[in-house]
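Take a look at the letters that make up each chain.
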Amino acid sequence: MQENIFVIGHKNPDTDSICSALAYAELKCKVTGEKYTAARCGEVNAETTYVLERFGINEPEFVASVEPQTKLILVDHNETTQAVDGLAEAELLEIIDHHKIGDIQTMVPIYFRNQPVGCTATIVTLLYKENKVEIAKETAGLLCAAILSDTLLFRSPTCTPLDKETALELAAIAGVE
Ligand code: MN
Ligand code: MN
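Worth saying up front: this structure is predicted, and the values here are computed from it rather than measured.

Student: What am I meant to see in the coordination of the manganese ion (ligand 1) here?
Tutor: Tetrahedral coordination by four donors sets the ideal angle at the metal to 109.5 degrees; octahedral coordination by six donors sets it to 90 or 180 degrees. Looking at the manganese ion (ligand 1), the protein donor atoms are His10 (NE2), Asp14 (OD) and Asp76 (OD), and they sit 2.1 to 2.3 Å from it. Going along the chain, you hit the donors of the manganese ion (ligand 1) in the pattern H-x3-D-x61-D. A distance of 3.5 Å spans the gap from the manganese ion (ligand 1) to the manganese ion (ligand 2), which Asp76 bridges by coordinating each metal. Here His10 is found in the loop between strand E1 (4-8) and helix H1 (15-32), whereas its partner Asp76 is found in the loop between strand E4 (71-75) and strand E5 (91-97), with 66 residues between them in sequence. By the burial criterion, His10 is buried, and Asp76 matches it.

Below, the structure is given as structure tokens:
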């Protein structure tokens, strides 16, 4: 049996944490052929539920806490207080985030991609492009929704021209206005 690797956002998840976990797990599966599972460590909010229903995607698996040595990729956070319970004993493989650098420490080097943009979904979209993987229509919809949500429709002070450009590209792929 293939070892499962969880891709998980922060506690009290927002649309970016859920949609970026789903989209990045999908990208990792496609690139590596290994098993990556999107997960969440909290209830999906009403906005995210709407987005998932709109694009016909199931919510990520609920994980209250992770077992020791569980392989993990964190998206949309890099602070221990926001992370799934059990992180300290887990094996952290990657972090993809857009927040200020937090307090997470590792024993070995990991892939840590942090960019000062408005949304993790913007970085996940860049990773699809860098890996030359086509973005499925539904996945584009999720990523686009995450950007609109995190940037408050491009009005947040953290929103960058790259977020806007990326959201418009994703909207075209998803076939939404
Ligand atoms: Mn978030
Ligand atoms: Mn975010």
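Student: Hey, could you run me through the side chain of Ser149 in this one?
Tutor: Its location among the elements puts Ser149 in helix H4 (residues 137-150). Contact partners of Ser149, with chain neighbours within four places excluded, come to Thr15 and Glu47.

Student: Is there a simple way to think about the nonpolar core in this case?
Tutor: Soluble globular proteins: nonpolar side chains tend toward being buried together. Counting 39 residues, the largest nonpolar core has Val7, Tyr24, Tyr128, Leu142, Leu143 and Leu170 as its most contacted members. Taken together, the elements giving at least two residues each to this core come down to E1, H1, strand E2 (35-40), helix H2 (46-54), E4, helix H3 (120-130), H4 and helix H5 (161-174). At eight residues, H1 tops the list of elements feeding residues into this core. If near-sequence neighbours (up to four positions away) are discounted, Leu170 is found in contact with Thr125, Ile135, Ala140, Leu143, Cys144 and Ile147.

Student: Explain the coordination of the manganese ion (ligand 2) to me, please; I cannot follow it from the model alone.
Tutor: The coordination sphere of the manganese ion (ligand 2) contains the protein donors Asp16 (OD), Asp76 (OD), His98 (NE2) and Asp150 (OD), at a distance range of 2.1 to 2.2 Å. Going along the chain, you hit the donors of the manganese ion (ligand 2) in the pattern D-x59-D-x21-H-x51-D.

Student: Quick question: what am I supposed to make of the packing of H3 against H5 here?
Tutor: Axes are the key here: two packed helices are described by the angle between their axes and the distance separating the axes. Close contact between H3 and H5 brings their axes to 10 Å; oriented N to C, the two are set at 65°. Here H3 and H5 pass one another in a crossing that is left-handed. Touching Thr122, Thr125, Leu126 and Lys129 of H3 are Leu162, Asp163, Thr166, Glu169 and Leu170, all from H5. By residue class, the composition of the contact of H3 with H5 is three nonpolar, three polar and three charged.

Student: Could you clarify how one ought to interpret the pattern of salt bridges in this entry?
Tutor: For side chains bearing opposite charge, pairing can occur when the charged atoms are close. In the structure shown here, the tally under the stated rule is nine salt bridges. One salt bridge connects Glu3 with Lys71, and the closest N-O pair in it is separated by 3.1 Å. Note that Glu3 is positioned in the segment before E1 and Lys71 in strand E4, a separation of 68 residues in sequence. For Glu3, a relative accessible area of 47% puts it in the partly exposed group. Close ionic contact of Asp85 with Lys11 constitutes a salt bridge, the shortest N to O distance being 2.8 Å. Of the two residues, Asp85 is situated in the loop between E4 and E5 and Lys11 in the loop between E1 and H1; the sequence distance between them amounts to 74 residues.

Student: Looking at this structure, how should I read H5?
Tutor: Every α-helix carries 3.6 residues per turn, so stepping three or four residues along brings you back to the same face. Given a rise of 1.5 Å per residue, 14 residues ought to cover 20 Å, and the 20 Å separating the end C-alpha atoms of H5 matches this to within 8%. Within H5, burial applies to Asp163, Thr166, Ala167, Leu170, Ala171 and Ala174. An end-on view of H5 places all buried positions within 140° of arc, on one side of the element. Summarising the geometry of H5, the exposed residues directed more than 90 degrees from the buried face are Pro161, Leu168 and Ala172. In this structure, the buried residues of H5 make contact with H3 and H4. Of the residues trailing H5, Gly175 is marked for its positive phi of about 75°.

Each value, and the rule that gives it
Position labels on residues start from 1 in each chain and follow its written sequence. Whichever chain is written first is A, and whichever ligand is written first is 1; the rest continue in order. Thresholds applied to this predicted model are a pLDDT of at least 70 for local features of residues and 80 or more for the giving and counting of side-chain atom pairs; totals over whole chains, interfaces and linings are not thresholded and use all residues. Calculation of side-chain values draws on the structure's entire complement of heavy atoms; hydrogens and water are dropped beforehand. Note that water is not among the atoms considered, so a metal site may appear incomplete; the donors listed are N, O and S atoms within 2.8 Å of the metal, with 3.2 Å applied to Na, K and Ca. The way it works is that DSSP assigns letters per residue, a run of H or I at least four long becomes a helix, a run of E at least two long becomes a strand, and they are numbered from the N terminus. Classification of residues uses two cut-offs on accessible area relative to the type maximum, computed with a 1.4 Å probe and protein chains only: under 20% is buried, over 50% is exposed, and between them is partly exposed. By definition, residues are in contact when any of their heavy atoms lie within 4.5 Å. By nonpolar core we mean a set of buried residues, namely Ala, Val, Leu, Ile, Met, Phe, Trp, Tyr and Cys, connected to one another through side-chain atoms within 4.5 Å. Note on method: axes are straight lines fitted to C-alpha atoms, helices fitted across the in-contact stretch only, with angles between N-to-C directions ranging 0 to 180 degrees. In this scheme the crossing of two helices becomes right-handed for a clockwise turn of the near helix relative to the far one and left-handed for an anticlockwise turn of less than a right angle. Here the nonpolar group is Ala, Val, Leu, Ile, Met, Phe, Trp, Tyr, Cys and Pro; Asp, Glu, Lys and Arg are the charged ones; every other residue, Gly included, is treated as polar. Note on definitions: salt bridges are taken to be side-chain nitrogens of Lys or Arg within 4 Å of carboxyl oxygens of Asp or Glu. Expected helix span is taken as 1.5 Å per residue step, with the number of steps being one fewer than the number of residues. Each C-beta atom gives one direction from the helix axis, and the arc is the one those directions make.

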